[in-house]
Amino acid sequence: MRTIALLLAILATPAAAFAPVRSGAWVSTRSHTSPALSMADNLSEDEKRLNIANDDGDLKEQVTGDFKKIFVAGGSKGVGRELVSQLIASGCTVKCLVRSEESAADLKAEGAICTMGDAFSYKDVEEAMDDCDACVTTLGGATGPDGKRVDYKGNSNVIEAAGILGVKRLVLVTSVGCGDSKGALSDEAYSSLEAALVEKDKAEKMLVKFYSITTDWTIVRPGGLMTAPATGKAILTTDTTALGAINRADVASLVAKCINNKETIKKTLSAIDPSIETAFGNGNFGEAQKFDV
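Calculation criteria
- Residues numbered from 1 in each chain as written.
- Predicted model: local features only at pLDDT ≥ 70, side-chain atom pairs only at ≥ 80, totals over all residues.
- Heavy atoms only, no water.
- Disulfide = S-S within 2.5 Å.
- Buried < 20%, exposed > 50% of the residue type's maximum accessible area, 1.4 Å probe, protein only.
- pLDDT = per-residue confidence, 0-100.
- Contact = heavy atoms within 4.5 Å.
- Pairing = 2+ DSSP bridges.
- Helix = DSSP H or I, 4+ residues; strand = E, 2+ residues; numbered from the N terminus.
- Axes fitted to C-alpha atoms, helices over the stretch in contact; angles between N-to-C directions.
- Phe/Tyr/Trp six-rings, centres within 6.5 Å; stacked < 30°, edge-to-face > 60°.
- Lys NZ or Arg CZ within 6 Å of the ring centre and 35° of its normal.
- Parallel < 35°, antiparallel > 145°, perpendicular 65-115°, else oblique.
- Left-handed = near helix turned anticlockwise from the far one by under 90°.
- Nonpolar A, V, L, I, M, F, W, Y, C, P; charged D, E, K, R; others polar.

Looking at the state of the cysteines
Here comes step 1: Applying the stated rule across the entire model yields zero disulfides.
Here comes step 2: Here cysteine 96 stays unpaired: no disulfide links it, and the sulfur of cysteine 114, its closest cysteine neighbor, is 5.3 Å away.
Here comes step 3: Overall, cysteine 96 belongs to the buried group, its relative accessible area being 1%.

Observations regarding the confidence of the model for the protein chain
Here comes step 1: Per-residue confidence for the protein chain gives a mean pLDDT of 82; residues scoring 70 or more make up 75%.
Here comes step 2: For residues 1-51, every residue scores under 50 in pLDDT, and the model assigns this stretch 132 contacts once sequence neighbours within four places are set aside.

As for the sheet that holds strand 8 (residues 216-222)
For sheets, the rule is that strands pair by backbone hydrogen bonds, running either parallel or antiparallel.
Here comes step 1: One open sheet accounts for eight strands, arranged 3-2-1-4-7-8-12-10; its pairing is mixed. At either margin of the open sheet sits one strand with a lone partner, and together these are strand 3 (113-116) and strand 10 (235-237). Between one strand and the next, the sheet's axes are offset by a mean angle of 25°, whatever the strand orientation.
Here comes step 2: Its contacts with the sheet put helix 9 (residues 187-210) on strand 7 (169-173) and strand 8, and the angle it makes with strand 8 is roughly 160°.

A closer look at the packing of aromatic side chains
Here comes step 1: This structure, assessed with the given rule, holds zero aromatic pairs.
Here comes step 2: Directly above the ring of phenylalanine 120 sits lysine 148, whose terminal nitrogen or CZ lies 4.3 Å from the centroid.
Here comes step 3: It is lysine 182 that lies over the ring of tyrosine 190; its NZ or CZ is 4.5 Å from the centre.

What to know about the environment of lysine 148
Here comes step 1: Tracing the backbone through its elements, the reader meets lysine 148 in strand 6 (residues 148-149).
Here comes step 2: The exposure class assigned to lysine 148 is partly exposed, which follows from its relative accessible area of 40%.
Here comes step 3: As a C-alpha pair, lysine 148 and phenylalanine 120 span 28 residues in sequence and 9.5 Å in three-dimensional space.
Here comes step 4: Residue contacts for lysine 148: discarding those within four places in its chain leaves Phe120, Gly141, Ala142 and Thr143.

Considerations on the packing of helix 5 (residues 78-89) against helix 10 (residues 248-259)
Here comes step 1: Contact geometry for helix 5 and helix 10: axes closest at 8 Å, N-to-C directions at 55°. In terms of their interaxial angle, helix 5 and helix 10 are classed as oblique. As helix 5 packs across helix 10, the resulting crossing turns out to be right-handed. Seen from helix 5, the contacting residues are Gly78, Val79, Glu82, Leu83, Gln86 and Leu87; seen from helix 10, they are Arg248, Ala249, Val251, Ala252, Ser253, Val255, Ala256 and Ile259.
Here comes step 2: Of the residues in the contact of helix 5 with helix 10, the class split is nine nonpolar, three polar and two charged.

As structure tokens, this is what we get:
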């Protein structure tokens, strides 16, 4: 019960469908007999190349190509906050939608352009995104006294605004456990996180079903989120059974690299760090399809 309580508590954290909890609740009860190798045999050559390693490449060269003015939803905390810092450091102009003056002051000190508002309001999202050429949303968690989740409503507002404004490039950050990656989790872990995962999954489906013609999208599903300095060893993988931990700073770096990487367009990728030992992994980090950039 203590493990479940810890898991439920993290759902209030934006862009954190998983918590930095090393717990047996994350251990998969499913059979995983060399899944990375077996899945690699069934993948096309194109899919095998679609893993992006978070190596020490020149981030500035990768993220300041076609898209230089980027809207980040969820930029005040977690993965989003890490991403804002990395994009600005690489020379990008970053716009954010924030609810508090404190968050605005923090982001403005970094060099971000801030608009006051709420992701639950489509009008606020559209106003904040206007004049951008790419957007990333890391929105997640329950906000406000009524416990409303922003995982679907906020993300759907971002997706819709991008379509209306003609912002063609969009990266949606959700979580392992969404869609066809549900099987990576144990039944206990999925049940504990179901409220968040169901809403994130709805956002994914909306993006893929209704905006594939107008939007060059990428979906990134991080594993168990942790707060620590980047290791530089995290990867993106098409392996939907992959499960493990990843630091928020590494997720941000991978997302930043996706923005101008054409091979990630219309792809759903899990983000895992094979170098981090966890108690909740299933022994498969998706390394069989690793692709270095």
